[in-house]
Amino acid sequence: MIHTNSDNPNINKDRKTPPTIIVIFGASGDLTARKLVPAIFNLSKDELLPKRCFLIGYGRSKISDEEFKDDIKSALDSHSRRKIEDSTWNSLEKNLIFHAGAYDDLKSFTELEKKISKIENKIDCKAQCLFYISTPPGVFMPILENLGESGLARRHRGTKTASKVIIEKPFGRDLASAQQLNQVINRRFDESQVFRIDHYLGKETVQSLLVQRFANSIFEPVWNRNYVSSVQITVSEDLGVGSRGGYYDKSGALRDMIQNHVMQLLALTAMEPPSSLDPESIRDEKVKALKALKPLVLGGDSPDVIRASYVEGLVNGSPAKSYLEEKGIPDESETETYAALRLYLDNWRWKGVPFYIRSGKRLAMKASEIVVQFTRPPAILFGQDSRLKVSPNLLVIRIQPNEGVTLYLNSKTPGLETKLQPIKLAFGYETTFGSNTPEAYERLILDSLNGDGTLFIRGDEAETSWGLLTPVLDYWNNQGREGLENYASGTWGPLAADKLLLGSGHEWITGRKYE
Ligand code: NDP
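Note that this is a predicted model, so its numbers are computed, not measured.

Novice: Break down empty space enclosed by the protein for me, citing the residues and quoting the values.
Specialist: Applying the stated criterion to the full structure yields three cavities of 30 Å³ or more. As a volume, the largest cavity reaches approximately 120 Å³. Lining the largest cavity we find 14 residues, and of these Phe171, Gln259, Asn260, Ile457 and Ala462 sit closest to its centre. Those elements that provide at least two residues to the lining of the largest cavity are α9 (253-270) and α14 (459-479). Within the lining of the largest cavity, the residues separate by chemical class into six nonpolar, four polar and four charged. The volume enclosed by the second largest cavity comes to roughly 60 Å³. In terms of lining, the second largest cavity is formed by Arg34, Lys35, Pro38, Ala39, Asn42, His79, Ser80, Arg81, Glu439, Tyr441 and Glu442. Put simply, the parts of the chain that give the lining of the second largest cavity at least two residues each are α1 (30-45) and α13 (440-449). With five residues, the top contributor of residues to the lining of the second largest cavity is α1.

Novice: Just give me the short version of the packing of helix α6 (residues 175-188) against α14, but keep the residues and values in it.
Specialist: Viewed as axis vectors pointing N to C, α6 and α14 meet at an angle of 165°, and their least axial separation amounts to 8 Å. Taken together, the axis directions place α6 and α14 in an arrangement best described as roughly antiparallel. Of the two elements, α6 crosses α14, and the hand of that crossing is left-handed. Residue-level inspection shows Leu175, Ala178, Gln179 and Asn182 of α6 in contact with α14, the latter providing Gly459, Glu463, Trp466, Gly467 and Thr470.

Novice: A description of the state of the cysteines should follow, citing residues and the corresponding values.
Specialist: In protein structure, a disulfide is the covalent linkage between the sulfur atoms of two cysteines. Inspection of every chain in the model, using the stated rule, returns zero disulfides. The thiol of Cys125 is unpaired, and the distance to the nearest cysteine sulfur, on Cys129, comes to 12 Å. Residue class for Cys125 comes out partly exposed when judged on its relative accessible area of 25%.

Novice: Let's hear about the sheet that holds strand β5 (residues 164-167): which residues, and what values?
Specialist: The sheet built from six strands is open, its strands ordered β3-β2-β1-β4-β5-β6 with parallel pairing. This sheet does not close on itself; its edge strands, each paired only once, are β3 (96-100) and β6 (194-196). With direction set aside, neighbouring strand axes in the sheet form an average angle of 20°. Where strand β2 (residues 53-59) lies against β3, five bridges are found, and the strand directions are parallel. Each bridged residue has a counterpart across the sheet, and for Gly59 the counterpart in β3 is Ala100. Along the sheet, helix α2 (residues 65-79) contacts β2 and β3; its crossing angle with β3, the most-contacted strand, is approximately 115°.

Novice: Give a detailed account of the domain arrangement of the chain, specifying residues and quantitative values.
Specialist: When the parts of a complex come together, some accessible area is lost, and that lost area is often used as the size of the interface. The assigned domain composition of the chain is domain 1 (20-168) and domain 2 (201-501). With centres defined by C-alpha atoms, the gap from domain 1 to domain 2 works out at 34 Å. With 18 residues of domain 1 at the interface, the matching set in domain 2 holds eleven residues. Here domain 1 and domain 2 share an interface that buries about 1,400 Å² over both sides, 68% of which is from carbon and sulfur atoms.

Novice: Let's hear about the sheet that holds strand β8 (residues 305-311): which residues, and what values?
Specialist: Across the sheet, which stays open at both edges, the nine strands sit in the order β16-β15-β14-β13-β7-β12-β11-β8-β17 with mixed pairing between neighbours. The sheet is open, and its two edges are formed by β16 (420-428) and β17 (484-488), each paired on a single side. Strand-to-strand twist in this sheet, taken as the mean axis angle between neighbours without regard to direction, amounts to 20°. As judged from the six bridges shared by strand β11 (residues 338-343) and strand β12 (residues 355-360), these two strands associate in the antiparallel manner. The partner of Ala339 across the bridge, within β12, is Ser359. Set on the sheet, α9 makes contact with β7 (228-236), β11, β12, β13 (367-374) and β14 (394-400); between it and β12 the angle comes to about 145°.

Calculation rules
Residues numbered from 1 in each chain as written. Predicted model: local features only at pLDDT ≥ 70, side-chain atom pairs only at ≥ 80, totals over all residues. Heavy atoms only, no water. 1 Å grid on protein atoms, 1.4 Å probe; cavity = no way out; pocket = protein on both sides within 12 Å on 5 of 7 lines; lining within 4 Å. Points joined across faces, edges and corners; volume = space filled by probe spheres on them. Helix = DSSP H or I, 4+ residues; strand = E, 2+ residues; numbered from the N terminus. Nonpolar A, V, L, I, M, F, W, Y, C, P; charged D, E, K, R; others polar. Axes fitted to C-alpha atoms, helices over the stretch in contact; angles between N-to-C directions. Parallel < 35°, antiparallel > 145°, perpendicular 65-115°, else oblique. Left-handed = near helix turned anticlockwise from the far one by under 90°. Contact = heavy atoms within 4.5 Å. Disulfide = S-S within 2.5 Å. Buried < 20%, exposed > 50% of the residue type's maximum accessible area, 1.4 Å probe, protein only. Pairing = 2+ DSSP bridges. Domains from an automatic or database assignment. Buried area = accessible area lost by both parts, 1.4 Å probe.

Here's what the structure looks like:
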């Protein structure tokens, strides 16, 4: 958990990362241009990459090394958080190579292997390879198989220069497909070589959640069923599906956001203290928390799951069309653009505490927040009707935008009368530490190069999360459009989602004005 910001005096530049060759599959893609290339160059600018670092772009188009360099330069100009000076560019530019090949063609991989060996001969030492699979998920499997078959997966195994592989999300589309992917991975790689990415884990506030929970003694005593009355996690977007309708319609909110980002946030919030900070101790505790989740009630009068799809409305003052009118969406689409769930963990710490989670597109605003709501004080001291005025204490951990943490307390307003008002103790990352903190992908690429899997998802974690949610997907699939609610674009989702909280004394908090 070390900052990688060059402005940070604690930055650790003494890492002994061996010479490295990063190979990006899907190098002509959107993610590579917007996130991966800027991340790699910003790491280089901070002198966090080894001096001998090479970047090979892999793709089906036959482009030259020079054309590849031009693409990388324009990606940096458009998307890097900081200007990349000539010195950084010059040090990496000469090491940019393009390798044209198909993803399902073993020969292309054996040719790649030859190129890698040639680099090693040139620098006269062994290099570690980091294979970054940044293609659509349909080709994850052939790439993994060919990395195995060509011997690239086994290069220098058991040494510091063993190959590593980063796999983009989504990791499967249900339990069976995640298991299939894991089987291929386990056949071809050791788990220590594998980094399943969920870029939420690279965000500062998400990493900070562990520090906040386990480096401060004031939270742990109240972080349980005795003092917490509910936990809410909201990951909302104000955008619709845009040009990605074709992709999104095969996915939906549960697969796209909840199975990965939201479940990771839940696991980090609910897990027990790990015995150490080593990756396996942390991931063991996350898996235990996910395994403690009770199966969801899908039908009946009070189901634990709600799904909905957006119709037209106003988003930030501009008219927005309905999901069914978006480009690439079939008229008969059954896909949810919003999902809300009520979950319970069947364990000592959380027994009876509801975890309300929701995620959707075309909601009132873009926000990712964890809200821990504490129980009310046991005695009513402030007048007959004071119960109404005593707001619950809230700890709001905001992941985006404006990363920070706010604690809401009750205070007396100034004056002769005793009136209560919630006030906030607020900490903002940008106000305290300045802007320009490293992007999630910088942290994650750096950690994978150093073999640190803490912020990556282990195979059993992915399967546990899918195991809980696949019955929901199956149920919805059988229901078709029945039970698929609507919500106006620009709102906080369907009214039915409020029913999840009905009778509990809770209400959705993110988006409510507490200021
Ligand atoms: P793209 O759709 O841009 O595809 C990346 C590259 O993969 C393309 O440039 C193309 O390269 C190749 N490709 C595309 N379609 C196919 C196909 N059907 N068969 C074989 N190769 C294909 O993807 P993104 O860059 O947007 O995303 C890459 C991965 O990252 C995905 O798994 C995505 O889910 C994940 N991701 C993306 C995010 C984003 O913001 N873009 C955010 C989070 C995750 P070529 O033709 O040169 O071979």
